[in-house]
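Architecture at a glance
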Amino acid sequence: MSAQHLPAAPEELELTATLAVLEAAVGDARLALRRLHRELGEQRAVKAELDLRTCALDALTTCIAIVDIRLPQRPFVFLNQAFAAMLGGAPDTLLGASYDRLPLAAGSEDASAAMREAMANGREWRGEMRMCRSDGSEYWVGMTLTPVHGADDALSHYVAIGADITARLEADRRKQELQERLLAEMKERERMAIELRLAQKLESVGRLAAGVAHEINTPIQYVGDSIHFLRAAAADCETLIRQYRSAIDALAGGAAAAPVLEAVRAAEAQADLAFLAEEVPKAFERTLDGVDRVAGIVRAMKEFAHPDPTEQSPADINHAIETTLTVARNEYKYVASVHTDLGSLPAVTCNIGEINQVLLNLLVNAAHAIEAARRPVGEGRIEIATRSDGAHAVVAVRDNGCGIAPEHLDHIFDPFFTTKEVGKGTGQGLAIARSIVVDKHGGDIQVRSVPGEGTEFTLRLPVGGCARREAA
Ligand SMILES: Nc1ncnc2c1ncn2[C@@H]1O[C@H](COP(=O)(O)OP(=O)(O)OP(=O)(O)O)[C@@H](O)[C@H]1O
Ligand SMILES: [Mg+2]
């Protein structure tokens, strides 16, 4: 029997159609479900990424917050942990709080006004503000506000990045304090150095004064003696003149010449006229010489103590050496003879008072060294030679004193280094000499010494002088 295809019943047809529609709907639903799954996954991924970024921002010690500037209260829409902690709360509790209610401390009004003004005009702002913690303590915050523009280019948010800079400001303050203290100490040291130098100058002037008084005393004594002699001679001459006058009167009155002449000769013999004729001119010479010597010492003393401690002007170094030798004669004359070999020198631009001070120190050191060497009288010798060497004037001071021990050579220019007993030396002479020659005149000072034989100091001074350089 063959199969018979019967036409489908209408109900069956309707069912088939409904089934197809249902299948299509299920397909669509599956697709939608897949899409939903995918989107959900993507959203989860985005959320996870956002959480990660928030974690990273929370891990920072820098304070970061975002403020929505479109709303009148300007609320925080994001704060990392650090920013929230700085304000004394948790990010969740501070979200939505107004940025304008930052707990500013008194004294931050200007900074706050400038910040608001910048925000109102959409400008970036950087500044420092003093803020209050909930416990009332205050701290400093350094803040940068950067405007953020939305897709429509309109200003929408501000990113606030801040940091508690109290410790840094405190460190800065301490650094500043330290610098100020250091500066004050340096000034104090400079003042002490100046005072010490002045004290040394006064000490040397004081020591010289005794020597100078002694130096002046000798010529003054023979000036005095000569004047006494001249006064006696003048009295004798007066007596003689009286005798001559009365002889003239007698002869004019017709007296016999012989007894009159006899009386005159007796008076002349009494006055020792021949002696007077020989000695009076000598006494005048001695007086003039003594007065010249006193005047020379006084002049040298005045030149030696040059008044201006800063001025440099062209000066005659050879003349300065002679001046110093004059004022310091009493310091060396009992232990040494001085020999000078002064070559021709151009005028040297310098502070001659300071150079005199250096020469005096070298001269006194030489005399002390000869004294320490216990040379027999007449054997002590100080030689001073000058010469011109290109753009420099060279001064050498040599002595045949005790010399300097090799282990001391590196220290003799150190302040307060001395091998002398208390009262004889303070150890400043050479330190000051070097500061004057090297620092203030751009010159050089060298020493050569052989223990037991002697020492030579050589100064080199630039002829043209040197701009004053402050000593270190
Ligand atoms: N010509 C010299 N011969 C031997 N030693 C010297 C000579 N010049 C200096 N010295 C040594 O150098 C040291 C330092 O000399 P400096 O002139 O600085 O100080 P001082 O002479 O001891 O004291 P001050 O000069 O302050 O009175 C001296 O104590 C001495 O030991
Ligand atoms: Mg000295």
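Parameters and conventions
Residues numbered from 1 in each chain as written. Chains lettered and ligands numbered in written order. Predicted model: local features only at pLDDT ≥ 70, side-chain atom pairs only at ≥ 80, totals over all residues. Heavy atoms only, no water. Helix = DSSP H or I, 4+ residues; strand = E, 2+ residues; numbered from the N terminus. Rg over C-alpha atoms; globule rule 2.2 N^0.38 Å. Buried < 20%, exposed > 50% of the residue type's maximum accessible area, 1.4 Å probe, protein only. Contact = heavy atoms within 4.5 Å. Areas by Shrake-Rupley, 256 points an atom, 1.4 Å probe, with all protein chains shown as cover. Lys, Arg positive; Asp, Glu negative; His and termini not counted. Charge placed at Lys NZ, Arg CZ, Asp CG, Glu CD. Near = heavy atom within 4 Å. Polar contact = N/O pair within 3.5 Å; in protein donor to acceptor, adjacent residues only side chain to side chain. Expected span 1.5 Å × (residues − 1). Bend = angle between axes of the 7 residues up to and from the residue. Salt bridge = Lys/Arg side-chain N within 4 Å of Asp/Glu carboxyl O. Domains from an automatic or database assignment. Phe/Tyr/Trp six-rings, centres within 6.5 Å; stacked < 30°, edge-to-face > 60°. Axes fitted to C-alpha atoms, helices over the stretch in contact; angles between N-to-C directions. Parallel < 35°, antiparallel > 145°, perpendicular 65-115°, else oblique. Left-handed = near helix turned anticlockwise from the far one by under 90°. Nonpolar A, V, L, I, M, F, W, Y, C, P; charged D, E, K, R; others polar.

Along the chain, the regular secondary structure elements total 12 helices and 12 strands. A globule of 472 residues ought to have a C-alpha radius of gyration of about 23 Å, yet the chain, at 53 Å, is considerably larger. The principal-axis extents of the C-alpha atoms in the chain amount to approximately 220 × 55 × 40 Å. Of all 472 residues assigned to the chain, the portion counted as buried reaches 32%. Here the analysis covers contacts within the chain between residues at least 6 apart in sequence; of these, 63% occur between residues at least 24 apart. Accessible surface computed for the chain: about 28700 Å², of which carbon and sulfur atoms make up 58%. Put simply, the chain has 50 plus and 67 minus side-chain charges, and the middle of one group is 2 Å from the middle of the other.

Bringing the site of ligand 1 into the picture now. Taken together, 21 residues surround ligand 1, and among them Thr-418, Thr-419, Lys-420, Thr-426 and Leu-430 come closest. One of the side-chain nitrogen or oxygen atoms of Thr-419 is found 2.4 Å away from an oxygen atom of ligand 1. Contact between ligand 1 and Gly-427: an oxygen atom at 2.9 Å from a main-chain N or O atom of the residue. For ligand 1, the protein covers 96% of the area, taking 590 Å² as the surface of the free molecule. Within the residue set of the shell around ligand 1, elements represented by two or more residues are helix H10 (352–372), helix H12 (429–440) and strand E12 (454–462). Broken down by element, the shell around ligand 1 gets its largest block of residues, 3 residues, from H10.

An ideal rise of 1.5 Å per residue puts 46 Å on 32 residues; helix H7 (residues 273–304) measures up with 46 Å between its terminal C-alpha atoms. At Glu-279, H7 shows its largest kink, close to 30 degrees, and the proline Pro-281 lies no more than four residues downstream. Residues of H7 that are buried: Leu-276, Glu-279, Val-280, Ala-283, Thr-287, Gly-290, Val-294, Gly-296, Ile-297, Ala-300 and Phe-304.

Turning our attention to the pattern of salt bridges. Pairing is possible between side chains that carry opposite charge, provided their charged atoms lie close to one another. A complete count under the given rule lists 22 salt bridges for this structure. Between Glu-117 and Arg-123 there is a salt bridge whose closest N-O contact spans 2.7 Å. Classification of Glu-117 by relative accessible area gives partly exposed; the value is 42%. We classify Arg-123 as partly exposed; its relative accessible area is 41%. Note that Lys-440 is salt-bridged to Glu-354, the shortest N-O span being 3.3 Å. In this pair, Lys-440 is assigned in helix H12 and Glu-354 in helix H10, connecting sequence segments 86 residues apart.

We now examine the domain arrangement of the chain. For the chain, the assigned domains are domain 1 (58–164), domain 2 (185–293) and domain 3 (306–472). The C-alpha-based centres of domain 1 and domain 2 are spaced at 99 Å.

Any pair of aromatic rings gets described here by the distance separating the centres and the angle formed by the planes. Evaluated as defined, the whole model comprises 4 aromatic pairs. Judged by centre distance (5.9 Å) and plane angle (90 degrees), the ring pair of Phe-229 and Phe-275 falls under edge-to-face. Of this pair, Phe-229 sits in helix H5 (residues 166–252) while Phe-275 is found in helix H7, placing the two residues 46 residues apart along the sequence. Look at Phe-229 and you get partly exposed, because its relative accessible area is 22%.

On to the packing of helix H8 (residues 317–327) against H10, then. Interaxial distance between H8 and H10 falls to 9 Å at its minimum, and their mutual angle equals 55 degrees. The orientation of H8 relative to H10 falls into the category oblique. Note that H8 runs across H10; the crossing there is right-handed. Of H10, the residues touching H8 (which contributes Ile-317, Ala-320, Ile-321, Thr-324 and Leu-325) are Ile-352, Ile-355, Asn-356, Leu-359, Leu-360 and Leu-363. Tallied by class, residues from the contact of H8 with H10 come to 9 nonpolar, 2 polar and no charged.

Our next topic: helix H6 (residues 257–271). Owing to its 3.6 residues per turn, the α-helix aligns residues three or four sequence positions apart on the same side. Given a rise of 1.5 Å per residue, 15 residues ought to cover 21 Å, and the 21 Å separating the end C-alpha atoms of H6 matches this to within 8%. Of the residues flanking the end of H6, it is Asp-272, one or two places downstream, whose phi is positive at about 50 degrees.

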